Amino acid sequence: MMTEKTILLVCGGGASSGFMAQNIRKAAKKRDIDLNVIARSESEVDDYLNEIDVLLIGPHLKYMEEDLQSKVRPHNIPAAVIPQTIYGLLDGNKGLDLILDLLGEK
């Protein structure tokens, strides 16, 4: 059992990221995985660099991926854009799989 991980999910601040975060939380609970998922605006990434384990980026922010990657890289925080297929369906299970892949837990 891994220790609790904190995931930051950034998007343009719409409601969808809140739902996505909620669905990932539910999926993690079902699988007995200790996960804290926070949905915030991309402008707040800097505030979380010392407390997150993974950064997930909403698909509509793909154009910012390089910029966001360069912020988290020095902190050894893996980051990825959530594929639209997962985000569009707000698929918590696939979102969780993506996080576990990034953490090397699979």
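Note that the structure is predicted; figures quoted are calculated from it, not measured.

What counts, and at which threshold
- Residues numbered from 1 in each chain as written.
- Predicted model: local features only at pLDDT ≥ 70, side-chain atom pairs only at ≥ 80, totals over all residues.
- Heavy atoms only, no water.
- Buried < 20%, exposed > 50% of the residue type's maximum accessible area, 1.4 Å probe, protein only.
- Helix = DSSP H or I, 4+ residues; strand = E, 2+ residues; numbered from the N terminus.
- Arc of directions from axis to C-beta.
- Contact = heavy atoms within 4.5 Å.
- Pairing = 2+ DSSP bridges.
- Axes fitted to C-alpha atoms, helices over the stretch in contact; angles between N-to-C directions.
- Parallel < 35°, antiparallel > 145°, perpendicular 65-115°, else oblique.
- Nonpolar A, V, L, I, M, F, W, Y, C, P; charged D, E, K, R; others polar.
- Right-handed = clockwise from strand over helix to strand, strands pointing away.

## Focus: helix α3 (residues 65-72)
Three or more residues of α3 are buried, namely L68, Q69 and V72. End-on view of α3: buried residues confined to an arc of 105°, all on one side of the axis. Where the residues of α3 are buried, they touch β1 (5-11), α2 (45-48), β3 (54-57) and β4 (79-81).

## Focus on the environment of K94
Mapped onto the elements, K94 comes out in helix α5 (residues 92-103). Residue K94 is classed as partly exposed on the basis of its relative accessible area, which comes to 47%. Each C-alpha atom of the pair K94 and I82 lies 9.5 Å from the other, and the pair is twelve residues apart in sequence.

## Things to note about the side chain of S17
When you line up the elements, S17 lands in helix α1 (residues 15-30). We classify S17 as buried; its relative accessible area is 4%. Here S17 is in contact with L9, C11, A39 and Y87, once residues within four sequence places are set aside.

## What about the sheet that holds strand β2 (residues 35-41)?
Taken in spatial order, the four strands make up an open sheet running β2-β1-β3-β4, and their pairing is parallel. Lying at the two open borders of the sheet, with one neighbouring strand each, are β2 and β4. Across the sheet, the axes of successive neighbouring strands diverge by a mean angle of 20°, strand direction being ignored. As paired elements, β3 and β4 share three bridges and run parallel to each other. Within the sheet, the bridge partner assigned to L55 lies in β4 and is A79. Relative to the sheet, α1 contacts β1, β2 and β3, its axis offset from that of β2 by approximately 175°. The strands touched by α5 are β1, β2, β3 and β4; relative to β3, the strand with the most contacts, the crossing angle is about 135°.

## Structural notes on the packing of α1 against α5
Where α1 meets α5, the closest approach of the two axes is 8 Å, and the angle between their N-to-C directions is 80°. When the axis of α1 is compared with that of α5, the two are roughly perpendicular. Contacts between α1 and α5 involve M20, N23, I24, A27 and A28 from the first element and G92, N93, G95, L96 and I99 from the second. Of the residues in the contact of α1 with α5, the class split is six nonpolar, four polar and no charged.

## Focus: the pairing of β3
Burial along β3 is two-sided: V54 and L56 and L55 and I57, pointing in opposite directions, are all buried. Bridge count between β1 and β3: four bridges; the pairing is parallel. Looking across to β3, one finds that V10 is bridged to I57. Regarding topology, α3 serves as the crossover connection from β3 to the parallel β4, and that connection is right-handed.

In short, geometric facts, not functional conclusions.
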